[in-house]
Amino acid sequence: MRIDVVTIFPGYLAPLREALLGRAIEAGLVELGVHDLRDWTHDVHQAVDDSPYGGGPGMVMRPQVWGEALDAVLGEEPARLVVPTPAGRPFTQATAQAWAAEERLVFACGRYEGIDQRVVDAYADRGPVDEVSIGDYVLVGGEVAVLVMVEAVVRLLPGVLGNPVSAQEDSFSDGLLEGPAYTRPVSWRGLDVPDVLRSGNHAAIARWRRDRALERTAARRPDLLDALPPDALDRADRAF
Ligand SMILES: Nc1ncccc1[N+](=O)[O-]
């Protein structure tokens, strides 16, 4: 997979070259390009924004600069263009799963009050454009959202995670939150690991884990329970 990011703060994306993602890049599983939007300005002030038509607070990012940048970065190769914005559709594990199958992702990081809408409209004719949000809060720009989304996607690529099974058993993969996890020592500050997890009885362990996942999901995210397909909960689940 090739990932390109266009931003006025390239340094913000440095963490993508650390740890797991850094190793994936070194292993050639992912190619990463980070581009400074100001490279496509032509004025001495390298202006990337201007005041909004119709008035209102803040500044809007100029379409000309973005057009030149995205033409250059996208080239002729097909790619999914992603614009992080609080006004976007929710980015979920399902989005990450879908994007993990893409050859190319190009992220356009908006700052200020966002990017002139015509940029999204103009590129919608060339390929898929997703305006997505990582949550219902307002960040200063899209860069942090790109870090979140790239990590969620790249960890799903074959060969990236040491233990690929865990990508299947993540929270959300079966529609439920993951339950509690334990490791050694068996007793710590007077708190013991639940006996069932040391019983060796795999059916009982699976049942216990499922019950804890249902319990946690009901308590913290009842919306996820409501969203489950009708056949997702078996009789034992319903008994819980
Ligand atoms: N929440 C956000 N705030 C600003 C820019 C992008 C955002 N997002 O979620 O992608």
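Residues numbered from 1 in each chain as written. Predicted model: local features only at pLDDT ≥ 70, side-chain atom pairs only at ≥ 80, totals over all residues. Heavy atoms only, no water.

Re the overall build of the protein
Then step 1. Helix and strand content of the protein: nine helices and nine strands.
Then step 2. Counting over 240 residues, the protein shows a buried share of 39%.
Then step 3. Sequence separation of at least 24 residues holds for 74% of the intrachain contacts in the protein that already meet a minimum separation of 6.
Then step 4. Taking the average location of the 24 positive side-chain charges in the protein and that of its 37 negative ones, the two points are 8 Å from each other. (Helix = DSSP H or I, 4+ residues; strand = E, 2+ residues; numbered from the N terminus. Buried < 20%, exposed > 50% of the residue type's maximum accessible area, 1.4 Å probe, protein only. Contact = heavy atoms within 4.5 Å. Lys, Arg positive; Asp, Glu negative; His and termini not counted. Charge placed at Lys NZ, Arg CZ, Asp CG, Glu CD.)

Considering helix 2 (residues 63–74)
Then step 1. With twelve residues, helix 2 ought to run about 16 Å at 1.5 Å a step, and its terminal C-alpha atoms sit 16 Å apart, in line with that.
Then step 2. Of all the positions in helix 2, only Val65, Trp66, Gly67, Ala69, Leu70, Val73 and Leu74 are classed as buried. (Expected span 1.5 Å × (residues − 1).)

Here we look at the pairing of strand 6 (residues 104–108)
Then step 1. The element strand 6 is extensively covered by neighbouring structure, given that five of its five residues are classed as buried.
Then step 2. Taking every second residue as pointing to the same face, both faces of strand 6 are buried, with Arg104, Val106 and Ala108 on one and Leu105 and Phe107 on the other.
Then step 3. Direction of pairing for strand 1 (residues 2–7) relative to strand 6: parallel, over a ladder of five bridges. Bridge assignment links aspartate 4 to a residue of strand 6, and that residue is valine 106.
Then step 4. Alignment of strand 5 (residues 80–90) against strand 6, held across three bridges, turns out to be parallel. Directly across from arginine 80, in strand 6, lies its bridge partner leucine 105. (Pairing = 2+ DSSP bridges.)

Just distances and angles here, no functional claims.
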